[in-house]
Amino acid sequence: MTKTTNIAILGAGESGVGAALLAKRQGFTVFVSDFGRIKEKYKNELSAENIEWEEGKHSEERILSSAEIIKSPGISDKVSIVEKAKEKGIAVISEIEFAGRYTNAKLIGITGSNGKTTTTLLTYHILNKAGLNVGIAGNVGTSFAKQVANEDFEYYILELSSFQLDGLVDFKVDVSVLLNITPDHLDRYEYRFENYVDSKFRITNNQTNEDFFIYCKDDKAIAKALESKKTKAKQLPFSIKEEIKEGAYLNKNEEIVFNLINQEPQTMSIHDLALNGKHNIYNSMAAGIAYKVLDLRKEVVRESLSDFQNVEHRLEHICYVNGIEFINDSKATNVNAVWYALESINKPIVWIAGGVDKGNDYEELIPLVKDKVKALVCLGVDNSRLVEAFKDVIDVYETSSAKDAVKLSYKLGAKGDLVLLSPACASFDLFDNYEERGLEFRKAVREL
């Protein structure tokens, strides 16, 4: 592709604007189109670089005259303009694919239905503490493309959602991490779990025998998929159920053992981990292996895993109000994430859940809910599926604002209880995103 080629970018959020800036730096003619409204800060960024943009529409003739289209991950392949582009034979790729062409940095890609952000930030924390020149991008922070355009990092830790993975063609990571696969976003995958599994495994695409594939051996969906899926990368599993010859595992003394060929085994008590819960043992194992396979001499894994501060909106302690603890887990947008949250708590729980149901099956939560939850407070426009799932299990109440949900939960709770916002659903019926939902919850708690 020549440097005078026209490139169209669909979506003018963090991903799209980052791609536009990188394309401009590389000498392409760039046109950005967003069917919605563009935030003022992104308009300013585009205008400052003299990049042409439009909002509230897609100018089809202009877009379909491009040699290549970079699509933001939130835009479905079923959108009319995307389908028309593919019919014309125009390549439609992701910002991650595009940015990968212009960096020689070592890339660690992390995906999974749950734990991606925590593991990405934890891996970044370890590498940063080791003094490496490292960036963090993908589904967190500043877009990968924008950093490739403006920075010169030697390593990148990339959180990659299934939507981002769907747009990959030639992109390759040096280290891939697959934490788990549970049903999520099935509305985007024709309600076929196998399609979602295929999407997650795209993180191993194009890897060679010089690369590494780190995965959870205890995850049933991953184990089943590996019966038929092949990768050239060296496989390094982790487990809390069995001893692993090369990878990481939990021994009988409740210690994580990092066991890699040509390296001295290293152990760390799970009681020294900064993050609690079974899911965070897995996350810590994955992050530790990802660092150790880089064959770096500085040993910082133990210290990093013990002093890490967790991400906002993920089992985030807010405060106590008259002896009742409030926890913000707004990032838990699927059933499996909620399962891990409930499993990690040892207090009576008033559970706040709800939002846009993505085809959830709540059956696996029922044993934990029976054992740990006092009441369910629904927070959403349509709570019917949650009500139906739990009405015969516990008391269920309905609210339509964070303020009302918090007030009611406080009334239902008692000293020693815990109010947990862990929605199991997407946020966009009442909120722009899970961050806004978490912030509204936090605000309501502090107004009690």
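Cut-offs used in this document
Residues numbered from 1 in each chain as written. Predicted model: local features only at pLDDT ≥ 70, side-chain atom pairs only at ≥ 80, totals over all residues. Heavy atoms only, no water. Core = buried A, V, L, I, M, F, W, Y, C linked by side-chain atoms within 4.5 Å. Buried < 20%, exposed > 50% of the residue type's maximum accessible area, 1.4 Å probe, protein only. Helix = DSSP H or I, 4+ residues; strand = E, 2+ residues; numbered from the N terminus. Contact = heavy atoms within 4.5 Å. Pairing = 2+ DSSP bridges. Axes fitted to C-alpha atoms, helices over the stretch in contact; angles between N-to-C directions. Salt bridge = Lys/Arg side-chain N within 4 Å of Asp/Glu carboxyl O. 1 Å grid on protein atoms, 1.4 Å probe; cavity = no way out; pocket = protein on both sides within 12 Å on 5 of 7 lines; lining within 4 Å. Points joined across faces, edges and corners; volume = space filled by probe spheres on them.

**Here we look at the nonpolar core**
- One finds Ile108, Leu127 and Phe238 to be the most contacted residues of the largest nonpolar core, which totals 42 residues.
- Residue contributions to this core peak at 8 residues, all from helix H11 (residues 278-292).
- Beyond its immediate sequence surroundings of up to four residues, leucine 127 is in contact with Ile108, Leu132, Val134, Tyr155, Ile157, Tyr291 and Leu294.

**Considering the sheet that holds strand E13 (residues 255-259)**
- Read from one edge to the other, the open sheet built from 9 strands follows the order E7-E8-E6-E9-E10-E11-E12-E13-E14, with strand pairing classed as mixed. Two strands in the sheet have a free side with no partner beyond their single neighbour: strand E7 (134-138) and strand E14 (266-269). Averaged over all pairs of adjacent strands, the angle between strand axes in this sheet comes to 15°, irrespective of strand direction.
- Bridging between strand E9 (residues 175-178) and strand E10 (residues 212-216) involves 4 bridges; their strand directions are parallel. Paired with leucine 178 across the bridge in E10 is tyrosine 215.

**Some words on the pattern of salt bridges**
- Applying the stated criterion across every chain, the model contains 23 salt bridges.
- Note that arginine 62 and glutamate 52 form a salt bridge whose closest N and O atoms lie 2.9 Å from each other. With a gap of 10 residues between them, arginine 62 in helix H3 (residues 60-63) and glutamate 52 in strand E3 (residues 52-55) connect regions that are remote in the sequence.
- Taking the relative accessible area as the measure of exposure, arginine 62 reaches 32% and is therefore partly exposed.
- The exposure class assigned to glutamate 52 is partly exposed, which follows from its relative accessible area of 41%.
- Between glutamate 325 and lysine 347 there is a salt bridge, and its shortest N-O distance comes to 2.7 Å. Taken together, the residues glutamate 325 in strand E16 (residues 324-328) and lysine 347 in the loop between helix H13 (335-344) and strand E17 (349-353) connect sequence positions 22 residues apart.
- You can call glutamate 325 buried: its relative accessible area is 10%.
- Here the salt bridges do not stand alone but share partners, grouping Glu14, Glu45 and Lys146 into one network.

**Focus: the layout of surface pockets**
- When its volume is computed, the second largest pocket comes out at roughly 550 Å³.
- In terms of lining residues, the second largest pocket is bounded by 24 residues, among which Thr182, Asp218, Asp219, Asn336 and Tyr340 are the most central.
- Breaking the lining of the second largest pocket down by element, the ones donating at least two residues are helix H10 (220-225), H11 and H13.
- Per-element accounting of the lining of the second largest pocket gives the leading share, 4 residues, to H11.

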